[in-house]
Each structure stands twice: as C-alpha cells, then as structure tokens.
Amino acid sequence: TSMIKMKKVFKVYKNGVTALNGVDVNIEQGDFVYVVGPSGAGKTSFVKMMYREEVPSKGEVYINGVELGTLKKKDVPFLRRDIGVIFQDFKLLQRKSVYENVAFALEVIEENPKKIRRRVMNVLDQVGLKHKARFIPAQLSGGEQQRVAIARAIVNNPKVVIADEPTGNLDPETSWGIMRTFEDINSSGTTVIMATHSKDIVDKMKKRVIAMENGQIVRDEQQGEYGYEA
Ligand code: ADP
Ligand code: ADP
C-alpha cells in the first residue's frame, strides 16, 4: 500500500525561489529510498513535505492515505508520531542524557514510566548504545550522537523514517555503520527515505534512487545508482 504519495506538488518560497516544480511520486510501505541530486535541487524541500515542515504551494501530499492539506493544526502532532525524522546535525538536547533524549519523545504521549524505561532501553540496545544511556551528547562521538538521534526517531515505532543527510558530518566508516542501522530499521517493515550525498553508499546498497534536479524528479530507479560525481 502507498505510504507517501505526491500529486503535482509545487513549492515556491516567499523569496520567489521554486524549490519543487511539479513533483509526482509514490512510495510504498516498506520501501527504502535514497533521494539524490545536486545542492539546491530540492531534496530537503521534498522530504520536508512528508512531515509537514513545509506545505505545498500547489498539489497534494498523502501520508498513509491522508491528504495533509486536510489536516488541522491540532492533528499535526499525531501525524508526526508516525514519522521519525533524522537530521545531519543530530539536533540533540545538549543538557540531557542519552536516555532522556530518547525518553523525551515518548513521555510527551504519557506512557507509563515502566513502559517508557523498557522501550527506551530497547531502542538504545538496538542502536548499540545501551551502555551509554547516562552519557550526555558532548561525551559521544558523532556517530554515537547520530545513533541517539536514530533511537529517538524510532522510539514511537513510526511507519516512516525520514533522514536528511544523516551521514553528512560523519566519516565513511561511521557512515556505513549508520547505514546498516537504517537497513535494520527498514527490514522490520519501516519505510525509510534518505536524502544523501554519499555516492559510495548509494552505489553499493542497490536501493531505489530518486534523483532531483531543479525541483523535479529526473530519475527514479528501483536498483539505482548515485549518478553524479562524488
Ligand atoms: P537541497 O536539499 O537539494 O539542497 P533545498 O530543498 O534545500 O534543496 O533547496 C531548494 C531551493 O530552495 C534552493 O534554491 C534553496 O536555496 C531554496 N530554499 C530552501 N529552503 C528555503 C526557504 N526556507 N526559503 C527560501 N528558499 C529556500
Ligand atoms: P541543505 O543542507 O539541505 O542544502 P541548507 O543548509 O541549504 O540545507 O539550508 C538549511 C536550512 O535553511 C533549511 O531549513 C532550508 O530550508 C533553509 N534555507 C535554505 N536556503 C534558504 C534560503 N535561500 N532562504 C531561506 N532559507 C533557506
């Protein structure tokens, strides 16, 4: 079934820049999709449509069958619960522990404390950081910090995980580890969408590749390649 669908989506920012210029796409439940293309092509704008960080100037975005334009403001938090988002710069709370950074996402929906503890330790285990639950972000490497961000993104069992250049600040070896973690998440049925400039990784993984240029999808291949110089 369709997890994310866009119909003729346009995005024109206030400054007049057209970031998305008629995007049609269908992403199925369980897909793993790389979004590639030059800087400024519209990748970030494209993924922002999926978690309603930006809204289209024209066209329609459907998540799990729901057209986002019909959502009321009070419904947006419910949508976001089904979608985990991961950024290049991790966006962790610097004064909070690893545990608290992950628990925070659950606590807002008033789960009971015992369930919270079990679930948080489970996801920290899944990303290999159970033993660092009490650390703060500054005590972790970049790769470890990104794992915390991944744990936070998946703690609510989202249907979709969206990552915008998650390995952009990491060395190649660490990036591979992060990529394996995304593969794990995907193999349990979660849809994964990742904007990336990591040519080596995209070329070796043989996943679906959507290439964007000038706000349009110019290529969409099931076992695709990066297709640009690194
Ligand atoms: P990419 O992620 O491929 O680099 P973006 O979606 O970030 O592409 O940007 C596409 C175009 O839209 C670029 O020209 C960028 O400068 C512009 N843009 C992105 N966000 C904004 C914004 N909030 N306001 C105005 N222009 C923006
Ligand atoms: P990316 O790494 O995806 O290319 P940028 O570093 O270009 O992202 O942009 C960082 C943030 O600034 C994003 O939230 C983007 O939407 C916003 N942005 C990008 N270009 C512009 C712009 N020309 N005017 C306003 N905001 C922008």
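Placed above this text is the structure.
Residues numbered from 1 in each chain as written. Chains lettered and ligands numbered in written order. Predicted model: local features only at pLDDT ≥ 70, side-chain atom pairs only at ≥ 80, totals over all residues. Heavy atoms only, no water.

### Here we look at helix α4 (residues 113–126)
Stage number 1. Relative to the 20 Å expected for 14 residues at 1.5 Å per residue, α4 spans 20 Å between its end C-alpha atoms, a close match to the ideal helical length.
Stage number 2. Of the residues making up α4, those classed as buried are I116, V120, M121, V123 and L124. End-on, the buried residues of α4 take up no more than an arc of 165°, which puts them together on one face. Among the exposed residues of α4, those oriented more than 90 degrees off its buried face are K114 and R118.
Stage number 3. Capping the start of α4 is the job of one residue whose side-chain oxygen sits 3.1 Å from the backbone nitrogen of K114: N112.
Stage number 4. After α4 finishes, the residue G128 shows a positive phi value of roughly 75°. (Helix = DSSP H or I, 4+ residues; strand = E, 2+ residues; numbered from the N terminus. Expected span 1.5 Å × (residues − 1). Buried < 20%, exposed > 50% of the residue type's maximum accessible area, 1.4 Å probe, protein only. Arc of directions from axis to C-beta. Polar contact = N/O pair within 3.5 Å; in protein donor to acceptor, adjacent residues only side chain to side chain.)

### Quick notes on the nonpolar core
Stage number 1. Among the nonpolar cores identified, the biggest contains 44 residues, and Y34, V36, V102, V120, L124 and F182 are the most heavily contacted of them.
Stage number 2. Residues contacting F182, with those up to four places away along its chain left out, are F32, I86, I150, V161, A163, P166, V192 and M194.
Stage number 3. Listed in part, the 29 residues of the second largest apolar core include V61, V160, I162 and I193. (Core = buried A, V, L, I, M, F, W, Y, C linked by side-chain atoms within 4.5 Å. Contact = heavy atoms within 4.5 Å.)

### Some remarks on the sheet that holds strand β3 (residues 32–36)
Note: strands within a sheet are paired through backbone hydrogen bonds, in either parallel or antiparallel orientation.
Stage number 1. In spatial order, the strands read β6-β7-β8-β3-β9-β10; together these 6 strands make up an open sheet with mixed pairing. At either end of the open sheet lies a strand with only one pairing partner, and these are β6 (83–87) and β10 (216–221). Averaged over all adjacent pairs, the angle separating strand axes in this sheet is 15°, with direction ignored.
Stage number 2. Looking at chain direction, β6 and strand β7 (residues 160–164) are connected through 5 bridges and run parallel. Bridging from a neighbouring strand, F87 pairs with D164 of β7.
Stage number 3. Sheet contacts for helix α1 (residues 43–50): β3, β6, β7, β8 (191–195), β9 (208–213) and β10; angle to β7, the most-contacted strand, approximately 155°.
Stage number 4. Packed on one face of the sheet, helix α6 (residues 172–187) meets β3, β6, β7 and β8 and runs near 150° to β8. (Pairing = 2+ DSSP bridges. Axes fitted to C-alpha atoms, helices over the stretch in contact; angles between N-to-C directions.)

### What to know about the sheet that holds strand β1 (residues 2–12)
Stage number 1. Here 4 strands make up an open sheet; going across it, the order is β2-β1-β4-β5 and the pairing antiparallel. The two strands at the open ends of the sheet, each matched to only one other strand, are β2 (18–28) and β5 (66–67).
Stage number 2. Inspection of the sheet shows β1 paired to β2 by 8 bridges, in the antiparallel sense. Pairing of V9 across the sheet is with V23, part of β2.
Stage number 3. Helix-sheet contacts for α1 involve β1, β2 and β4 (58–63), and the interaxial angle to β2 is about 55°.

### Observations concerning the pattern of salt bridges
Stage number 1. This structure, assessed with the given rule, holds 11 salt bridges.
Stage number 2. With a closest N to O distance of 3.4 Å, K91 and D89 form a salt bridge.
Stage number 3. With relative accessibility at 46%, the residue K91 sits in the partly exposed group.
Stage number 4. E183 serves as the salt-bridge partner of K207, at 3.8 Å between the closest nitrogen and oxygen. Taken together, the positions of K207 in the loop between α7 (199–205) and β9 and E183 in helix α6 put the pair 24 residues apart, joining distant regions of the chain.
Stage number 5. Overall, K207 belongs to the buried group, its relative accessible area being 17%.
Stage number 6. Several salt bridges share partner residues, and in doing so they unite D31, R208 and D220 into one network. (Salt bridge = Lys/Arg side-chain N within 4 Å of Asp/Glu carboxyl O.)

Distances and angles like these do not, on their own, reveal function.
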